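Here is what each chain is made of, one letter per residue.
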Amino acid sequence: MRTNFVEELGWRGMLHDAMPGTEEHLMNGMQSAYVGIDPTADSLHIGHLVGVMMLRHFQLAGHKPYALLGGATGMIGDPSGKSQERNLLDEATLRTNQEALKAQLSKFLDFDSNAENAAILVNNYDWMKDFSFLGFIRDVGKHITVNYMMAKDSVKKRLSSESKEGMSFTEFTYQLVQGYDFLHLYQHNNCTLQMGGSDQWGNITTGTELIRRIGGGKGYALTCPLITKADGTKFGKTEGGNVWLDPNRTSPYKFYQYWLNTSDEDAAKYIKIFTFLTKEEIDGLISEHGEAPHLRLLQKRLADEITVMVHSQEDLENAKKASNILFGKSTSDDLKGLDEKTFLDVFEGVPQANIPMSELDSGLDMIGALAAKTGFLGSNGEARRELKQNSISVNKEKVKEDYLITAKDLISDKFVLLQRGKKNYFLLVVG
């Protein structure tokens, strides 16, 4: 069944601009569209997700999505929204990245079914690599004037007095290369629509111009707004850098926490963009959240939905368990169930001391663990007082002064978690 794709993007806040006639064109039968994805890393990050979600909605609306990996354009660098040139990659790295990205995209797009609108992954390096320089400037370059290229915002910005770097000829030609991608997909795959972020409008319309001038046809453009955060900080970034989809780069726990910690205003916006919940479900959640904001229902549902989608149900459960370790009731078994990476993520920044394994062979006494050998508490006397007041825990379980820490207390074979009261943590790293 075909549904109205443009209308769907509209209520979700995912529509910035569309060329006149785009909606009618899409309602006129199954069409094909593509989104370009930068393959300069072996993982997508959440900044890529808006484009991926657009492709998924496009497929759900009954159309055929193409994910285009910019192997050739990744070797050049897109000037849009950037003040400097990027590092250029070799082919072997690009191919490795391509395989990793396809695996991630497969969680959102149906590449493998026999459906007429199954998704297709393409890499522009495959058709650009055989182009000679003379061939390109003769067959493509002559159709677009320098005046047309200079009028684009991405070019004007880099050539303005604000830019210290200027712009290389390589980057200046980027819009021609991207425009040619659209022409190629139009001619070989009957692809009539390119989608992207609002900063891509200039590059996309260069493609529609080439389709008109060389292909004698009609191409369409549709963009989504660039995602922002209400407080003005950059979406998809933390102090540690990008929030990646690869669990080895950003653990499911940290991924889950990123969405859980969004503001009310951002959560109401993101739940429309990053989930497939219906308008009725989302309106209901927003209304329920408004009655009891402290319960953070929106943030919890957003974090649940997107963590399952990118990772798995099991990863979500583990992320929740890890979150409860700091903020809820949990046991020694819960702690020992964490893998080392998640454990270190949960207790990032907690003060620690190194203890040789030999200390645990005969049992490390609590006074030594709390004060004499670690400095967690200021003195042996303070350690004794806290133990008498029953405020000390080892791995989340209360202990008395006569408790001895041994190898059986180790988490991931190397950590012991000490705690005073509810919020004061200290980590013994045993080795």
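Note that this is a predicted model, so its numbers are computed, not measured.

What counts and how
Residues numbered from 1 in each chain as written. Predicted model: local features only at pLDDT ≥ 70, side-chain atom pairs only at ≥ 80, totals over all residues. Heavy atoms only, no water. UniProt positions renumbered as here; feature names shortened; annotations may be inferred. Helix = DSSP H or I, 4+ residues; strand = E, 2+ residues; numbered from the N terminus. Buried < 20%, exposed > 50% of the residue type's maximum accessible area, 1.4 Å probe, protein only. Contact = heavy atoms within 4.5 Å. Pairing = 2+ DSSP bridges. Right-handed = clockwise from strand over helix to strand, strands pointing away. Axes fitted to C-alpha atoms, helices over the stretch in contact; angles between N-to-C directions. Patch = residues over 30% accessible without salt bridge, like charges linked within 9 Å, V, L, I, M, F, W, Y side chains within 5 Å. Areas by Shrake-Rupley, 256 points an atom, 1.4 Å probe, with all protein chains shown as cover. Salt bridge = Lys/Arg side-chain N within 4 Å of Asp/Glu carboxyl O. Lys, Arg positive; Asp, Glu negative; His and termini not counted. Polar contact = N/O pair within 3.5 Å; in protein donor to acceptor, adjacent residues only side chain to side chain. Disulfide = S-S within 2.5 Å. Parallel < 35°, antiparallel > 145°, perpendicular 65-115°, else oblique. Left-handed = near helix turned anticlockwise from the far one by under 90°. Nonpolar A, V, L, I, M, F, W, Y, C, P; charged D, E, K, R; others polar.

The next point concerns the UniProt feature "domain: Tyrosine--tRNA ligase SYY-like C-terminal" (unreviewed entry) in the protein. Sequence positions flagged by UniProt for "domain: Tyrosine--tRNA ligase SYY-like C-terminal" (unreviewed entry) are, in local numbering, residues 347-428. Across residues 347-428, the secondary structure splits into 24% helix and 29% strand, with the terminal C-alpha atoms separated by 12 Å.

On to the side chain of Asn 117, then. With respect to the secondary-structure elements, Asn 117 resides in the loop between helix 5 (91-105) and strand 4 (120-123). Residue classification places Asn 117 among the buried residues on the basis of a relative accessible area of 16%. With near-sequence residues (within four places) excluded, Asn 117 lies in contact with Met 30, Gln 59, Gly 62, His 63, Lys 64 and Pro 65.

Counted residue by residue, strand 2 (residues 32-37) has five buried out of six residues, so it is predominantly covered. In terms of strand pairing, strand 2 meets strand 3 (residues 64-69) through six bridges, oriented parallel. Within strand 3, the position partnered with Ser 32 by the bridge is Lys 64. The handedness of the strand 2 to strand 3 crossover, carried by helix 3 (residues 49-60), is right-handed. In the sheet, strand 2 pairs with strand 5 (residues 191-197) via four bridges, with the strands oriented parallel. Its bridge partner being in strand 5, Ser 32 is matched across the sheet by Cys 191.

Right, let's talk about the sheet that holds strand 4 for a bit. Overall, mixed pairing links the six strands, which are arranged 1-6-5-2-3-4 in an open sheet. Edge strands, defined here as strands with exactly one partner in the open sheet, are strand 1 (17-18) and strand 4. The pairing of strand 1 with strand 6 (residues 220-224) spans two bridges and is antiparallel. By the bridge assignment, Asp 17 is partnered in strand 6 with Thr 223. Where helix 11 (residues 174-189) meets the sheet, it contacts strand 2, strand 3, strand 4, strand 5 and strand 6, and its direction lies at approximately 145° from that of strand 5.

This next bit is on a nonpolar patch on the surface. Where nonpolar side chains cluster on the molecular surface, the patch consists of Phe 133, Leu 134, Ile 137 and Phe 169 and spans about 460 Å² of accessible area. Of the residues forming the nonpolar patch, the biggest block, three residues, is contributed by helix 7 (residues 133-139). Within the secondary structure, Ile 137 is located in helix 7. Residue classification places Ile 137 among the partly exposed residues on the basis of a relative accessible area of 39%.

What follows is about the side chain of Asp 246. Topologically, Asp 246 is positioned in the loop between strand 8 (241-242) and helix 13 (252-260). For the buried Asp 246, no salt bridge is present, and the opposite-charge side chain at shortest range is Arg 249, 4.5 Å distant. Looking at Asp 246, its side chain comes within polar contact range of the main-chain nitrogen of Asn 248, at 2.8 Å. Apart from residues lying up to four places away in sequence, Asp 246 is in contact with Ser 43 and Gln 104.

Attention now goes to the state of the cysteines. Think of a disulfide as a covalent bridge from one cysteine sulfur atom to another cysteine sulfur atom. Applying the stated criterion across every chain, the model contains zero disulfides. Considering cysteine sulfurs only, Cys 224 is the nearest to Cys 191, which forms no disulfide, with 16 Å between them. Cys 191 gets classed as buried once you look at its relative accessible area, which sits at 0%.

This next bit is on the packing of helix 14 (residues 264-273) against helix 16 (residues 297-310). Between helix 14 and helix 16, whose axes approach to 9 Å, the crossing angle comes to 40°. Put simply, helix 14 runs oblique to helix 16. Crossing geometry of helix 14 relative to helix 16 is assigned as left-handed. Contacts between helix 14 and helix 16 pair Asp 264, Ala 267, Ala 268, Tyr 270 and Ile 271 from the former with Leu 298, Gln 299, Arg 301 and Leu 302 from the latter. Of the residues belonging to the contact of helix 14 with helix 16, the class tally is six nonpolar, one polar and two charged.

With that out of the way, let us pick up the sheet that holds strand 15 (residues 424-430). Read from one edge to the other, the open sheet built from five strands follows the order 9-15-14-11-12, with strand pairing classed as mixed. Edge strands, defined here as strands with exactly one partner in the open sheet, are strand 9 (352-355) and strand 12 (397-398). In terms of strand pairing, strand 14 (residues 415-420) meets strand 15 through six bridges, oriented antiparallel. When the bridges of strand 15 are listed, Leu 417 appears paired with Leu 427.

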